[in-house]
Amino acid sequence: MPPVFAHGRLRLYLLKLLDEAPRHGYEVIRLLEERFQGLYAPSAGTVYPRLAKLEAEGLVTHATEGGRKVYSITDAGRAELAGRGGELADLELEIRESVSELAAEIRDDVRGAAGALRREMLAEASATQTRVEDESWKAAKEEMRRARQEWKEQARRAKDESRRAREEAQQARRQAKEAQERAREEVSRLAAQLQEQFAKSGGMLGSLAGSWLGGGSAGAGGWGGAAAGAAGPGEAPRTAAGGAPAAEAAAWAADVPRTGDPVRDLDRLLDRFRDGVRDAARDHGVTAAQLEEAHAHLAAAAARIAAALRPSR
């Protein structure tokens, strides 16, 4: 499939989606996948930078709800959308044509194969009828009878294979769902371990992990010290609401959709973690001392995750 969006077209379509209703980033990604029937699936690294640029230009704004950024179009964004109405109509027509083109190709292939088979059978029957006389005609009739019987048998086998394929597909979906649940549990476990490590070590990134993994942003203390939910050295992890760190870790990134591919799902979780850290840095700033402390925490976290992902011996 050729590139879906030419230069600037994705930006225009994001404004259209936000004009329909306020949405958070992963909801925008899911909507694009649905509208392209799975033929186009943008990554978080494609969508979030464009949303940030639109916000910097004053075309969209965001509010934080439940630890997530929900983007809404501004009056300036609606004005640009109205001014590019003709271009948007052309874009939507191209999208519909791209999606329907594949379906049309599949229908044509099936229809052409069926027609060719029918013509081949008619031609063979006609040639057989022309060649045979008397006893030969009887032999031809027997041949046709066997052919019909064989056709019925092939149809029966095809039906059985189709049924087995459906059963195998159902089993594969069940296995994929089980694998997805196992991956989610593993990621939650790793997140809980990271939160506990960061909370015990204290400092800027420990505070950030304690509050952000629980669904919020950096605490009022900023990057300069531990937030209200962080624990000092030797203390047990705690949260601002008094809840258990494991429960907060299990709730972290619960809105990130699972695809059944653990590698792709882990990549999406890393995108979410990176975006949260960048948001905190942008909102509060980073000093040289905080950078060094963050470096140490990230190095420890990377080592723990890499060790967890190595095959067990």
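A quick note: this is a predicted structure, and the numbers were derived from the prediction, not measured. (Residues numbered from 1 in each chain as written. Predicted model: local features only at pLDDT ≥ 70, side-chain atom pairs only at ≥ 80, totals over all residues. Heavy atoms only, no water.)

**Let's talk about the nonpolar core**
The biggest cluster of nonpolar side chains holds 32 residues, and the ones touching the most others in it are Tyr 13, Leu 14, Leu 15, Leu 18, Val 28 and Leu 32. Mapped onto this core, the elements with two or more residues apiece are helix H1 (9-20), helix H2 (25-35), helix H3 (44-56), strand S3 (68-73), helix H5 (85-131) and helix H6 (135-201). For this core, the leading source of residues is H1, giving 7 residues. Excluding residues that lie within four positions of it along the chain, Leu 18 makes contacts with Arg 23, Val 28, Leu 51, Val 60, Tyr 71 and Ile 73. (Core = buried A, V, L, I, M, F, W, Y, C linked by side-chain atoms within 4.5 Å. Buried < 20%, exposed > 50% of the residue type's maximum accessible area, 1.4 Å probe, protein only. Helix = DSSP H or I, 4+ residues; strand = E, 2+ residues; numbered from the N terminus. Contact = heavy atoms within 4.5 Å.)

**Comments concerning the packing of H1 against helix H4 (residues 75-83)**
Look at H1 against H4: their axes get within 10 Å of each other, and the N-to-C directions meet at 120°. In terms of orientation, H1 and H4 fall into the oblique class. As H1 packs across H4, the resulting crossing turns out to be left-handed. Across the interface between the two elements, Arg 11, Leu 12, Leu 15, Lys 16 and Asp 19 from H1 touch Gly 77, Arg 78, Glu 80 and Leu 81 from H4. (Axes fitted to C-alpha atoms, helices over the stretch in contact; angles between N-to-C directions. Parallel < 35°, antiparallel > 145°, perpendicular 65-115°, else oblique. Left-handed = near helix turned anticlockwise from the far one by under 90°.)

**A word on the confidence of the model for the chain**
The pLDDT averaged across the chain works out to 76; a share of 73% of its residues lies at or above 70. Per-element confidence in the chain ranges from a low mean pLDDT of 49 for helix H7 (residues 203-212) to a high of 92 for S3. (pLDDT = per-residue confidence, 0-100.)

**What to know about the packing of H1 against H2**
The angle between the axes and the distance between the axes are what describe a pair of packed helices. At a minimum axis distance of 11 Å, the contact between H1 and H2 shows a crossing angle of 105°. As the angle between them shows, H1 and H2 are arranged roughly perpendicular. Contacts from Leu 10, Tyr 13, Leu 14, Lys 16, Leu 17, Leu 18 and Glu 20 in H1 reach Val 28, Leu 32 and Arg 35 in H2. Per-class residue counts for the contact of H1 with H2 are 7 nonpolar, no polar and 3 charged. (Nonpolar A, V, L, I, M, F, W, Y, C, P; charged D, E, K, R; others polar.)

**Looking at unusual backbone geometry**
In this model, Ala 253 sits at a positive phi of 60°, which is unusual for a non-glycine residue. Within the element layout of this structure, Ala 253 appears in the loop between helix H8 (245-251) and helix H9 (262-284). Using a relative accessible area of 4% as the deciding quantity, one classes Ala 253 as buried.

**Points about the pairing of S3**
When a strand is regular, its side chains alternate between the sheet's two faces. The pairing of strand S1 (residues 23-24) with S3 spans 2 bridges and is antiparallel. By the bridge assignment, Arg 23 is partnered in S3 with Tyr 71. Two elements, strand S2 (residues 60-65) and S3, share 6 bridges in a ladder whose sense is antiparallel. Bridging across to S3, Ala 63 finds its partner in Val 70. What sits between the antiparallel neighbours S2 and S3 is a turn of 2 residues, in which Gly 66 has the positive phi angle 60°. (Pairing = 2+ DSSP bridges.)

**Notes on the side chain of Arg 268**
Here Arg 268 is to be found in helix H9. No salt bridge forms around the buried Arg 268; measuring N to O, its nearest opposite-charge neighbour Glu 33 is 4.1 Å away. Not counting chain neighbours up to four residues away, the residues in contact with Arg 268 comprise Tyr 26, Glu 33, Val 256, Pro 257 and Thr 259. (Lys, Arg positive; Asp, Glu negative; His and termini not counted. Salt bridge = Lys/Arg side-chain N within 4 Å of Asp/Glu carboxyl O.)

**Quick look at a nonpolar patch on the surface**
On the surface, Leu 117, Met 121 and Trp 151 cluster together into a nonpolar patch covering about 290 Å² of accessible area. Tracing the sequence through the fold places Leu 117 in helix H5. (Patch = residues over 30% accessible without salt bridge, like charges linked within 9 Å, V, L, I, M, F, W, Y side chains within 5 Å. Areas by Shrake-Rupley, 256 points an atom, 1.4 Å probe, with all protein chains shown as cover.)

**A closer look at the sheet that holds S3**
Spatial strand order, S1-S3-S2: 3 strands in an open sheet with antiparallel pairing. In this open sheet, the two strands that pair with only one neighbour each are S1 and S2.

**Structural notes on the pattern of salt bridges**
Within the structure shown, the criterion is met by 26 salt bridges. Among the salt bridges present, the one from Arg 189 reaches Glu 186, with a minimum N-O distance of 2.3 Å. Note that Arg 189 and Glu 186 are positioned in helix H6 at a spacing of 3 residues, about one turn of the helix. Relative accessible area serves as the criterion here: at 36%, Arg 189 is assigned to the partly exposed category. Among the residues examined, Glu 186 registers a relative accessible area of 29% and is labelled partly exposed. The salt bridge involving Asp 275 is made with Arg 274; its shortest N-O contact spans 4.0 Å. Asp 275 gets classed as buried once you look at its relative accessible area, which sits at 18%. Taken together, the shared-partner salt bridges in this structure form one network comprising Glu 153, Arg 156, Arg 157, Asp 160, Arg 163 and Glu 167.

**Re the environment of Gly 58**
Relative to the helices and strands, Gly 58 resides in the loop between H3 and S2. The partly exposed category is assigned to Gly 58, whose relative accessible area is 32%. It is 9.0 Å that separates the C-alpha atoms of Gly 58 and Asp 75, two residues lying 17 residues apart in sequence. The residues touching Gly 58, leaving out its near neighbours within four places in the chain, are Thr 74 and Ala 76.

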